[in-house]
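# Summary of the model geometry
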Amino acid sequence: MELNSKLKVLVEVLPIDNKILKLSLASDFSDFEDAIQYYSAIENGMDVIITRNKKDFKSINLPVLSAKEFLKR
């Protein structure tokens, strides 16, 4: 199985629409990309955010895990 196909089995790419962009721009996040990740997750019913920068997601309504923590679950 080619790497691209393996990645598609493990990862779902969520759509980003105008609503997500508007929510992100109006948010209190200091990093726009973090806001996009957060609102994409919320709008698509995700139950966790996986990131290397957990400190960037303080005070949100979803659990935030490192990749290592997620794999241990």
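Calculation notes
Residues numbered from 1 in each chain as written. Predicted model: local features only at pLDDT ≥ 70, side-chain atom pairs only at ≥ 80, totals over all residues. Heavy atoms only, no water. Core = buried A, V, L, I, M, F, W, Y, C linked by side-chain atoms within 4.5 Å. Buried < 20%, exposed > 50% of the residue type's maximum accessible area, 1.4 Å probe, protein only. Helix = DSSP H or I, 4+ residues; strand = E, 2+ residues; numbered from the N terminus. Contact = heavy atoms within 4.5 Å. Phe/Tyr/Trp six-rings, centres within 6.5 Å; stacked < 30°, edge-to-face > 60°. Patch = residues over 30% accessible without salt bridge, like charges linked within 9 Å, V, L, I, M, F, W, Y side chains within 5 Å. Areas by Shrake-Rupley, 256 points an atom, 1.4 Å probe, with all protein chains shown as cover. Salt bridge = Lys/Arg side-chain N within 4 Å of Asp/Glu carboxyl O. Axes fitted to C-alpha atoms, helices over the stretch in contact; angles between N-to-C directions. Parallel < 35°, antiparallel > 145°, perpendicular 65-115°, else oblique. Left-handed = near helix turned anticlockwise from the far one by under 90°. Nonpolar A, V, L, I, M, F, W, Y, C, P; charged D, E, K, R; others polar.

Attention now moves to the nonpolar core. Of all hydrophobic cores here, the largest spans 11 residues; its members are I20, A35, I36, Y38, Y39, A41, I49, F57, I60, L62 and V64. Here the element with the most residues in this core is helix α3 (residues 32-43); it accounts for 5 residues. Among residues more than four places away in sequence, those in contact with V64 are I49, T51, K54, F57 and E69.

Let us look at the packing of aromatic side chains. Within a pair of aromatic rings, the relevant descriptors are the distance that separates the centres and the angle that separates the planes. Within this structure, the stated rule accounts for 4 aromatic pairs. Geometrically, the ring pair formed by F29 and Y39 is edge-to-face, given 6.5 Å between the ring centres and 75 degrees between the ring planes. Of this pair, F29 sits in the loop between α2 (18-26) and α3 while Y39 sits in helix α3, and the two are 10 residues apart along the sequence. Looking at Y39, the relative accessible area reads 18%, which means it is buried. The rings of F29, Y38, Y39 and F57 are connected pair by pair, giving a single aromatic cluster.

Let us now look at a nonpolar patch on the surface. On the surface, L7, V9, L10, V11 and V13 cluster together to form a nonpolar patch covering roughly 560 Å² of accessible area. Its location among the elements puts V11 in the loop between α1 (3-10) and α2. Here V11 falls in the partly exposed class, since its relative accessible area comes to 43%.

The subject of this paragraph is unusual backbone geometry. One non-glycine residue, S59, lies in the positive phi region at around 60 degrees. With respect to the helices and strands, the residue S59 is situated in the loop between β1 (49-50) and β2 (64-65). On the basis of relative accessible area, S59 is assigned to the exposed category, the value being 80%.

A few words now on the packing of α2 against α3. At their nearest, the axes of α2 and α3 sit 8 Å apart, and the two run at 130 degrees to each other. Relative to α3, the element α2 lies oblique. The crossing of α2 and α3 is right-handed. When α2 is examined against α3, the residues K19, I20, L21, L23, S24 and L25 are found in contact with a partner set consisting of F32, A35, I36, Y39, S40 and E43. Class assignment of the residues belonging to the contact of α2 with α3 gives a composition of 8 nonpolar, 2 polar and 2 charged.

Let us now look at the pattern of salt bridges. Within the structure shown, the criterion is met by 3 salt bridges. K19 is paired through a salt bridge with E43; the nearest N and O atoms lie 3.1 Å apart. Here K19 is found in helix α2, whereas its partner E43 is found in helix α3, with 24 residues between them in sequence. What makes K19 partly exposed here is its relative accessible area of 46%. Here E43 falls in the partly exposed class, since its relative accessible area comes to 37%.

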